[in-house]
Amino acid sequence: MNIFGIEFDLASLLSSVVPVVLQIGLMILAFIILVPIGKKLIEKSLNKAGSNQKLSPTRVKTLEKLLLNVFSYIMFFVLVLMLFGVLGIPLGPLLAGAGIIGLAIGFGAQGLVSDIVTGFFILLERQLEIDDYATTAGYDGIVEEIGLRTTKIRSFDGTLNYVPNRYIEGVANHTRGNMRALVDISIQYNDNIDRAITVLEEVCEGFKEDERFKEGPDAIGVQSFGSTDIVLRVVGQTENGLQWECEREMRKAIKAAFDQAGIETPFPQQVAVHTKQ
């Protein structure tokens with residue numbers, strides 16, 4: 001076949017191109033099939049190991065996310081190498097060039113190395129795990145994913161923050177152990193303090209049977225004196241993540257009990273003084 005003065009042997013061209021296309025197609029198909037299967041095997045293996053080793057669900061989920069990411073990267077790298085082999089691209093010069101380029105940009109990749117090292121120690125020391133409520137690097141929220149390079153933290157307004165691990169210098173983990181539910185309630189100065197504390201104790205007795213509370217709650221008495229009010233405090237220990245829910249329900253119950261007992265919570269008032277000239 002002659003096209004624009006160039007002679008093409010269509011039969012030999014097809015005989016050489018078609019097998020390559022078939023091999024590439026089979027490799028991509030195998031990649032699409034094997035990756036989900038590998039991920040399922042990793043999930044099942046981790047769940048089984050977690051039950052045998054009595055690992056916490058958050059620890060299992062953290063390791064699962066990390067291993068799935070590493071597995072995906074390895075499989076993609078293997079696919080690229082196999083495609084290069086099928087296309088006849090020599091890997092030796094390519095790897096040598098990659099080494100030279102890597103050496104050239106190595107001085108600019110110090111942040112990446114720091115991310116990986118810090119992420120490794122975060123996982124090793126179990127500073128953070130998935131579903132933990134934590135404060136770090138200026139962000140406050142729920143940890144969604146921990147990688148060797150970045151950590152994802154979901155703020156309570158829904159924002160997903162990608163935090164490079166090198167910026168995680170101090171971690172405040174709010175989900176290790178029981179959490180404190182604290183409620184401050186104000187009464188007026190002309191109210192009877194002992195009577196108000198008695199009402200609080202009655203409300204606390206109703207919550208002591210609540211399974212969410214691990215200790216208390218208890219009315220500890222007068223916390224402070226304000227300009228127009230006296231502040232009373234109630235404290236209890238709850239399960240992780242349930243402290244805010246318990247605080248809201250206690251405030252509602254305390255307000256209802258105070259209304260029934262005739263104890264008023266103070267509100268801003270203005271006093272006008274008129275003088276006669």
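Please read these numbers as outputs of a predicted model, since none were measured by experiment.

Turning our eyes to something else, we now look at the pattern of salt bridges. Under the defined criterion, the tally for this structure stands at twelve salt bridges. When the shortest N-O distance is used, the salt bridge between D184 and R233 registers 2.7 Å. Taken together, the residues D184 in strand β8 (residues 179-187) and R233 in strand β10 (residues 230-238) connect sequence positions 49 residues apart. Between K208 and E205 there is a salt bridge, and its shortest N-O distance comes to 3.6 Å. By relative accessible area, which is 33% here, K208 ends up partly exposed. A single network of salt bridges, built from pairs that share partners, joins D210, R212, E245 and E249.

Topologically, D229 is positioned in the loop between β9 (213-225) and β10. Reaching out from D229, the side chain makes a polar contact with the side chain of S186 at a distance of 2.8 Å. Once residues lying within four places of it in the same chain are set aside, the contact partners of D229 are S186, I187, Y189 and P266.

Glancing now at the packing of aromatic side chains. Throughout the structure, instances matching the rule amount to five aromatic pairs. Both rings, one in Y133 and one in W244, keep their centres 5.3 Å apart while their planes meet at 65°; by these two values the pair is edge-to-face. In this pair, Y133 is assigned in strand β3 (residues 133-136) and W244 in helix α6 (residues 243-261), connecting sequence segments 111 residues apart. Its relative accessible area of 14% is what places Y133 among the buried residues. Under the relative-accessibility criterion, W244 is labelled partly exposed at 33%.

Time to look at the sheet that holds β10. Taken together, the three strands give an open sheet; going across it, the order is β8-β10-β9, and neighbouring strands pair in antiparallel fashion. Because the sheet does not close on itself, it has two edges, and the strands there are β8 and β9. Averaged over all pairs of adjacent strands, the angle between their axes in this sheet comes to 20°, without regard to strand direction. With respect to the sheet, α6 is in contact with β8, β9 and β10, its orientation differing from that of β8 by roughly 25°.

Our focus in this paragraph is the layout of surface pockets. The computed volume of the largest pocket comes to approximately 260 Å³. Contributing to the lining of the largest pocket are 13 residues, with N69, Y73, G147, L148 and R149 lying nearest its centre. For the lining of the largest pocket, the elements supplying multiple residues, two or more each, are α2 (57-87), α4 (110-125) and β5 (150-155). Ranked by the residues each element gives to the lining of the largest pocket, the list is headed by α2, at four residues. Mapped onto the domain boundaries, the lining of the largest pocket takes at least three residues apiece from domain 1 (11-89) and domain 2 (132-173).

As a further point, take the nonpolar core. Judged by nonpolar contacts, the single largest core of 23 residues is most densely connected at L200, L232, V234, I254 and F258. Broken down by secondary-structure element, the contributors of at least two residues to this core are β8, α5 (193-207), β9, β10 and α6. Setting aside residues up to four positions removed in sequence, V234 forms contacts with A181, L182, V183, L200, C204, P217, D218, A219, M250 and I254. Judged by nonpolar contacts, the second largest core, of ten residues, contains L66, L128, A134 and V163.

Rules used in this analysis
- Residues numbered from 1 in each chain as written.
- Predicted model: local features only at pLDDT ≥ 70, side-chain atom pairs only at ≥ 80, totals over all residues.
- Heavy atoms only, no water.
- Salt bridge = Lys/Arg side-chain N within 4 Å of Asp/Glu carboxyl O.
- Helix = DSSP H or I, 4+ residues; strand = E, 2+ residues; numbered from the N terminus.
- Buried < 20%, exposed > 50% of the residue type's maximum accessible area, 1.4 Å probe, protein only.
- Polar contact = N/O pair within 3.5 Å; in protein donor to acceptor, adjacent residues only side chain to side chain.
- Contact = heavy atoms within 4.5 Å.
- Phe/Tyr/Trp six-rings, centres within 6.5 Å; stacked < 30°, edge-to-face > 60°.
- Pairing = 2+ DSSP bridges.
- Axes fitted to C-alpha atoms, helices over the stretch in contact; angles between N-to-C directions.
- 1 Å grid on protein atoms, 1.4 Å probe; cavity = no way out; pocket = protein on both sides within 12 Å on 5 of 7 lines; lining within 4 Å.
- Points joined across faces, edges and corners; volume = space filled by probe spheres on them.
- Domains from an automatic or database assignment.
- Core = buried A, V, L, I, M, F, W, Y, C linked by side-chain atoms within 4.5 Å.

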